[in-house]
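Examining the three-dimensional arrangement
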Amino acid sequence: MPNVGSILKEVRESKEISLEKVAADTKISLLHLKAIEESDWKALPASPYVKGFLRIYATYLGLDPARIIEQYKREVKDEKTFLVLPAPNK
């Protein structure tokens with residue numbers, strides 16, 4: 001299954017819209033848009049901001065923002081690693 005970033009990038013390119021135009025029209029920074037298209041979630045601010053960016057970007061491209069955000073949640077969930085703490089000394 002394609003990731004969120006590749007979906008958004010593919011749709012944007014199919015509409016022949018530059019990333020700079022998206023940034024100007026949506027007011028989402030170019031750096032954030034690049035990170036989104038690369039699915040580099042760690043380079044982005046907290047999840048609520050990312051969801052807002054995804055909602056704006058998906059709507060701008062004519063996509064269903066709810067589906068994009070759900071896919072994002074699945075991707076982030078799959079990426080999370082759990083910190084294993086050593087057992088306390090007795």
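In the block above lies the structure referred to throughout.
As a further point, take helix α1 (residues 4–14). Among all positions of α1, only Val 4, Gly 5, Leu 8, Val 11 and Arg 12 are buried. Seen end-on, α1 carries its buried residues on one side only, within an arc spanning 140°. Opposite the buried face of α1, by more than 90 degrees, sit the exposed residues Glu 10 and Ser 14. Its side-chain oxygen 3.3 Å from the backbone nitrogen of Gly 5, Asn 3 forms the N-cap of α1. Just downstream of α1 lies Glu 16, where phi reads positive at about 55°.

Here the focus is helix α3 (residues 30–37). Three or more residues of α3 are buried, namely Leu 33, Ala 35, Ile 36 and Glu 37. Buried residues belonging to α3 abut α1, α2 (19–26) and α4 (47–61). At the exit of α3 stands Ser 39, carrying a positive phi of roughly 50°.

Moving on: the pattern of salt bridges. Evaluated as defined, the whole model comprises 4 salt bridges. Here Glu 13 ties to Arg 12 by a salt bridge, and the two come within 4.0 Å at their closest N and O atoms. Between Arg 12 and Glu 37 there is a salt bridge whose closest N-O contact spans 2.7 Å. Within this pair, whereas Arg 12 is found in helix α1, its partner Glu 37 is found in helix α3, the two being separated by 25 residues in sequence. In this structure, Arg 12 and Glu 37 share a single accessibility class: buried. Here the salt bridges do not stand alone but share partners, grouping Arg 12, Glu 13 and Glu 37 into one network.

Basis of the calculations
Residues numbered from 1 in each chain as written. Predicted model: local features only at pLDDT ≥ 70, side-chain atom pairs only at ≥ 80, totals over all residues. Heavy atoms only, no water. Buried < 20%, exposed > 50% of the residue type's maximum accessible area, 1.4 Å probe, protein only. Helix = DSSP H or I, 4+ residues; strand = E, 2+ residues; numbered from the N terminus. Arc of directions from axis to C-beta. Polar contact = N/O pair within 3.5 Å; in protein donor to acceptor, adjacent residues only side chain to side chain. Contact = heavy atoms within 4.5 Å. Salt bridge = Lys/Arg side-chain N within 4 Å of Asp/Glu carboxyl O.

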